[in-house]
Amino acid sequence: MGLLIVGPPGAGKGTQATELAAVLNIAHVSTGELFRSALAAATPLGTRAKRYMDAGELVPDEITVAMLRERLADSDAARGFILDGFPRTVGQAETLDDLLAVRGLTLDAVLELVVPDDVLVQRMLARGRSDDTEDVVRRRLEVYTQATAPILDHYRDRVVAIDGEGDVAKVRKRILDGLPPRVLAGGRPTDGR
Ligand code: AMP
């Protein structure tokens, strides 16, 4: 099973994707997290990604796609996965579709977290990540609107829009209620729960 969670920076994608991955027993695949780990470990990839991340810009596809492809080949992703932060452009979405198609896979649902801009800015400034300064936050919102939001049209036949305002548990419930039944059935752990 393949899920994608999309939404502007600060919408809560990472938090919700982590919880959904646990509930559905699938892999959480976050390109932002992969970049942050690479950065913390000071790998060449992390070093190359840093200046883009610091500026709120997209890391070039040549780096991002190779990293994503490797992550999807990990054994835990064979059970299914929830993508968080990839794809971020229509070009990346097309690359992803091709990558999945060769394995006979496709995305089952695209969850769109909808949160008003003023709430996003407040949340991001509160979490204090190094790329969460006001200028960078503004730039990341712009990049989302210009480059990433169009992927919602690309996946329009499977977008489920979720109200992302309110506390984590409330939003999680809305997501679980909004998931197509076949996703829940397919993603249940096989221990009879
Ligand atoms: P995130 O944790 O998803 O907010 O990502 C943090 C930063 O990592 C972004 O602002 C980008 O600089 C970079 N990044 C994450 N995912 C991608 C992607 N799919 N394409 C390009 N850059 C990305």
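Enquirer: Got a minute to help me understand the sheet that holds strand 1 (residues 2–6) in this structure?
Expert: The strand order 2-3-1-4-5 describes an open sheet built from five strands, whose pairing is parallel. Edge positions in the sheet fall to strand 2 (27–30) and strand 5 (159–163), since each of these pairs with one other strand and no more. If you compare each strand with its neighbour and ignore which way they point, the axes differ by 20 degrees on average. Pairing analysis gives four bridges linking strand 2 to strand 3 (residues 81–84), with the strands arranged parallel. Pairing of Val-29 across the sheet is with Leu-83, part of strand 3. Against the sheet, helix 1 (residues 13–24) engages strand 1, strand 2, strand 3 and strand 4 (109–114), with an angle of about 175 degrees to strand 3. Contacts from helix 2 (residues 31–40) reach strand 2 and strand 3, with the element oriented near 70 degrees to strand 2.

Enquirer: What is the right way to read the site of the ligand from this model?
Expert: Inspection of the region around the ligand gives 15 residues, with Thr-31, Arg-36, Glu-57, Gly-85 and Gln-92 positioned closest. Between the ligand and Thr-31, the relevant distance is 2.8 Å, taken from a nitrogen atom to a side-chain nitrogen or oxygen of the residue. The backbone of Val-59 places a nitrogen or oxygen atom 3.0 Å from a nitrogen atom of the ligand. Protein burial of the ligand: of its 480 Å² of free accessible surface, 97% is covered by the chains. Spatially, the ligand is embedded in the largest pocket. Tallying contributions element by element places helix 2 first for the shell around the ligand, with four residues.

Here is what the cut-offs are and how they apply
Residues numbered from 1 in each chain as written. Predicted model: local features only at pLDDT ≥ 70, side-chain atom pairs only at ≥ 80, totals over all residues. Heavy atoms only, no water. Pairing = 2+ DSSP bridges. Helix = DSSP H or I, 4+ residues; strand = E, 2+ residues; numbered from the N terminus. Axes fitted to C-alpha atoms, helices over the stretch in contact; angles between N-to-C directions. Contact = heavy atoms within 4.5 Å. Near = heavy atom within 4 Å. Polar contact = N/O pair within 3.5 Å; in protein donor to acceptor, adjacent residues only side chain to side chain. Areas by Shrake-Rupley, 256 points an atom, 1.4 Å probe, with all protein chains shown as cover. 1 Å grid on protein atoms, 1.4 Å probe; cavity = no way out; pocket = protein on both sides within 12 Å on 5 of 7 lines; lining within 4 Å. Sits in = over half its atoms within 2 Å of the grid points.

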